[in-house]
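Tertiary structure, described
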Amino acid sequence: MNSVPALEEPLKKALGPATAKVMAEHLDLHTVGDLLHHYPRRYAERGELTRLADLPLDEHVTVVAQVASARILKFNGGTGQRLEVTITDGSGQLQLVFFGRGIHKPHKDLLPGTRAMFAGKASVFNRKMQLAHPAYELLRADALDAGEADEAIGSWAGALIPLYPSTAKLESWKIAKAVDMVLPSAQEALDPLPDSLREGRGLVPLPEALLKVHRPHTKADIADARARLKWDEAFVLQVALARRRFADAQLPAVARVPRPDGLLTAFDAKLPFTLTDGQQKVSKEIFDGLATEHPMHRLLQGEVGSGKTMVALRAMLAVVDAGGQAAMLAPTEVLAQQHHRSITEMMGELAEGGMLGGAEHSTKVVLLTGSMGVAARRQALLDLVTGDAGIVIGTHALIEDKVQFHDLGLVVVDEQHRFGVEQRDALRGKGKQPPHLLVMTATPIPRTVAMTVFGDLETSVLDQLPAGRSPIATHVVPAADKPHFLARAWERVREEVENGHQAYVVCPRIGDEEEQSKNGKGGKGGKGGKGAKNESAEDAAEKRPPLAVLDVAEELAHGALRGLKVEVLHGRMQPDDKDAVMRRFAAGETDVLVATTVIEVGVNVPNATAMVIMDADRFGVSQLHQLRGRVGRGSAAGLCLLVSEMPEASPARARLGAVAATLDGFELSRIDLEQRREGDVLGQAQSGVRSSLRMLAVIEDEEIIAEARQEATAVVAADPDLEHLPGLRTALDALLDEEREQYLDKG
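Right, let's walk through the structure included here. Keep in mind the model is a prediction, meaning the values are calculated, not measured.

On to unusual backbone geometry. Residues other than glycine seldom take positive phi values, yet His 133 does so here, at roughly 45°. We classify His 133 as partly exposed; its relative accessible area is 41%. Positive phi is not limited to glycine here, since Asp 615 has a value of about 50°. Relative to the elements of secondary structure, Asp 615 occurs in the loop between β20 (608-613) and α23 (621-628).

Set out below in structure tokens:
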């Protein structure tokens, strides 16, 4: 019998249309296999109650507890009634509230001493945690009639109660009942791990792991299941990446070796400083890659200001020396213009190929963006097709069909996470043969994430800052607890300006009515939470729309920073206006630039020494680190102030504290990850992979990922088409449906 269909059976058939519809819409579960891989989040023990003390706010939770008391209270002059039930588990208490006509059944069911499972969304009312109208399932057989009792005892017979990631539309125990219905199909699950690997590592077979994860009898069952399922996730993903690396290694490319006394030599000779050891080491790795006859695919990651652009430019010059062309792709016009400016400045007369005064080994460096005039654009396209321009810098305008290259040898992509794989691929298709690829990112990525997300790329890391970069002091400004701290922050900005420097003020939102209607949800991390009427300070801070550039700029110009030259910069401005604002700021004509995160990447104004980030809690950790990297780029020390109205004890403030405590981006990206979970990371970088990590935690499970990568590389080298591993092929198909497979192939 063919064993695949059992797990591919639609849930509609297995569970009926109503339940299947909710599972598809709210949990993205469509087949029996999807449901079997929807693992419990945790387990409640019969003997010991889950801790009420640790309930997360604003999340859908399931708890097992005992009723301590229940009372009916009247309100609205006796016309309204509510039932208040206090439940306890030894670690703390929780209030349940039922209103109106909905109070009769719970009043009868929830007698003191009754044990039950409760599910609902935890909110705060009058400073107390509560669940309003929770769904519940009684756990005491004697509180039910005989027919229900047997079913309840049967369904909760295991000593460990699985609690599933659930939604308001589908409680954990309903998911558990659905899992019971499809669990027999687990016997037919095809095992993706090669037998030798599974046995060598002492892992249980897949059907057994699925049974143990959903219906464990002991904690050892859970451990066995988790160990096995983590390996599946790590291994299948690493096989997908290993196959991509293997396929890339089979492609032909032109080896690009710089001639000994060409453009690169001339450029190095005129550098006013020596490259850091890190820059030299990474440059060598890149030059070795360019010299091979299959396409180099390398990720260059480095701290803000570690000199990635210099390394990338030397790689581009090497390719021009070898007779090819190099293209640098930037995510925005502002950045493309800026790279063009800084690269032509660094190269000087070497960038004046074909012009009077150009050096002997010179080339043309052209800019290509969507907003260029017709004549300039026509000339740029001509320079590319004839080969006069060795280096082109542009936005995705470079990818349009009209753009033809003479001989494209290297593509450098700046800020990978803002650039779709399809776009990278379209540009790679412009070469006669696949060009070499260098991807730069300024968001430091922990090694394991790099292996999981960019596993098809070799990685180079620049982790030392060039000499002359100044330290940046970072402080949290608690605007709610201590308003005078904010006043002091603006005084500090004024002092910096009086000392001849400049400052940035960053806000999460642009502002104006159109955005107000969306209640703009700020950068990452703003939830706009819905709470009870008497909300906490934290709720209030979260619900207020994020501060906006236009409002803050006006307020500062007429208030705390009156008399200083304040300008705004945001994404809705016309490209020419943006560029004009940046030029004035770079030239020192503007004192304070109030901006959105458009300044996050690549903006280089060494004279800007201070940055105030408003509503800093609305941004992710890595984003704050990126923003902060815009100051302290010259000889004067940098200052970054993180303004937040969040109370001191909140997780948001802890996050800001972490940013203030270290300048190490790799350390911060680990913290960021631990707080955000991996789905975000994978989702952000690989929209082509279903967020496949349900068990695996990228940071905790570093060893498994590293080992899985080795095993996967060996398996693919021995059997590239996985002919002898049908189970692994099936698992890969589930991870990468058609569209995703192509997307990964393009990677």
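Another point: the pairing of strand β6 (residues 128-132). Sheet topology places strand β4 (residues 93-99) next to β6; three bridges connect them, and they run parallel. Residue pairing across strands places Leu 96 opposite Leu 131, the latter belonging to β6. Pairing analysis gives four bridges linking strand β5 (residues 115-125) to β6, with the strands arranged antiparallel. Looking at β6, one finds that Phe 125 is bridged to Lys 128. In this antiparallel pair of consecutive strands, β5 and β6, the connection spans two residues, and Asn 126 shows a positive phi of 50°.

Here the focus is the environment of Ala 376. On the secondary structure map, Ala 376 appears in helix α15 (residues 374-386). Placed ten residues apart in sequence, Ala 376 and Val 366 show a C-alpha to C-alpha distance of 9.7 Å.

Looking now at the packing of helix α10 (residues 219-250) against helix α28 (residues 726-735). Between α10 and α28, whose axes approach to 10 Å, the crossing angle comes to 85°. Looking at the two axes, α10 sits roughly perpendicular to α28. Between α10 and α28, the residues in contact are Phe 235, Val 236, Leu 237, Val 239, Ala 240 and Arg 243 and Leu 728, Ala 731, Leu 732 and Leu 735, respectively. Along the lines of polarity and charge, the residues of the contact of α10 with α28 split into nine nonpolar, no polar and one charged.

This next bit is on the nonpolar core. Proteins that are soluble and globular tend to have nonpolar side chains buried together. Counting 51 residues, the largest nonpolar core has Trp 231, Phe 235, Val 239, Leu 368, Leu 384, Val 392 and Leu 728 as its most contacted members. Among the elements that make up this core, the one with the highest residue count is α10 (nine residues). If we ignore the near neighbours within four places in the chain, the residues touching Leu 384 are Gln 325, Val 366, Leu 368, Ala 389, Val 392, Val 403, Gln 404, Phe 405 and His 406. Counting residues in hydrophobic clusters, the runner-up holds 39 residues, among them Leu 271, Met 310, Ala 330 and Leu 438.

Quick reminder: α-helices carry 3.6 residues per turn. Residues three or four places apart thus point the same way. The end-to-end C-alpha separation of helix α13 (residues 308-321) is 20 Å, in line with the 20 Å expected for 14 residues at 1.5 Å each. Summarising burial for α13: 13 of the 14 residues are buried, a large majority. Of the residues flanking the end of α13, it is Gly 323, one or two places downstream, whose phi is positive at about 90°.

The subject of this paragraph is the sheet that holds strand β21 (residues 638-644). Here six strands make up an open sheet; going across it, the order is β16-β21-β20-β17-β19-β18 and the pairing parallel. Strand pairing shows two members of the sheet lacking a second neighbour, β16 (472-478) and β18 (566-569), which therefore form its edges. Taken pair by pair, the neighbouring strands of this sheet meet at an average axis angle of 20°, ignoring direction. Where β16 meets β21, seven bridges bridge the pair, whose relative direction is parallel. Residue pairing for β21: His 475 is matched across the bridge by Leu 641. This element, helix α22 (residues 575-586), spans β17 (502-506), β18, β19 (592-595) and β20 of the sheet and lies at about 140° to β18.

What follows concerns the packing of aromatic side chains. Here the structure, examined in full by the defined rule, presents four aromatic pairs. Relative to Phe 99, the ring of Phe 75 lies with its centre 6.3 Å away and its plane at 90°, an arrangement referred to as edge-to-face. In this pair, Phe 75 is assigned in strand β2 (residues 60-75) and Phe 99 in strand β4, connecting sequence segments 24 residues apart. Residue Phe 99 is classed as partly exposed on the basis of its relative accessible area of 36%. Between Phe 118 and Tyr 136, the ring centres sit 6.4 Å apart and the planes meet at 45°, which makes this aromatic pair tilted.

Basis of the calculations
- Residues numbered from 1 in each chain as written.
- Predicted model: local features only at pLDDT ≥ 70, side-chain atom pairs only at ≥ 80, totals over all residues.
- Heavy atoms only, no water.
- Buried < 20%, exposed > 50% of the residue type's maximum accessible area, 1.4 Å probe, protein only.
- Helix = DSSP H or I, 4+ residues; strand = E, 2+ residues; numbered from the N terminus.
- Pairing = 2+ DSSP bridges.
- Axes fitted to C-alpha atoms, helices over the stretch in contact; angles between N-to-C directions.
- Parallel < 35°, antiparallel > 145°, perpendicular 65-115°, else oblique.
- Contact = heavy atoms within 4.5 Å.
- Nonpolar A, V, L, I, M, F, W, Y, C, P; charged D, E, K, R; others polar.
- Core = buried A, V, L, I, M, F, W, Y, C linked by side-chain atoms within 4.5 Å.
- Expected span 1.5 Å × (residues − 1).
- Phe/Tyr/Trp six-rings, centres within 6.5 Å; stacked < 30°, edge-to-face > 60°.

Nothing here speaks to function; it is all geometry.
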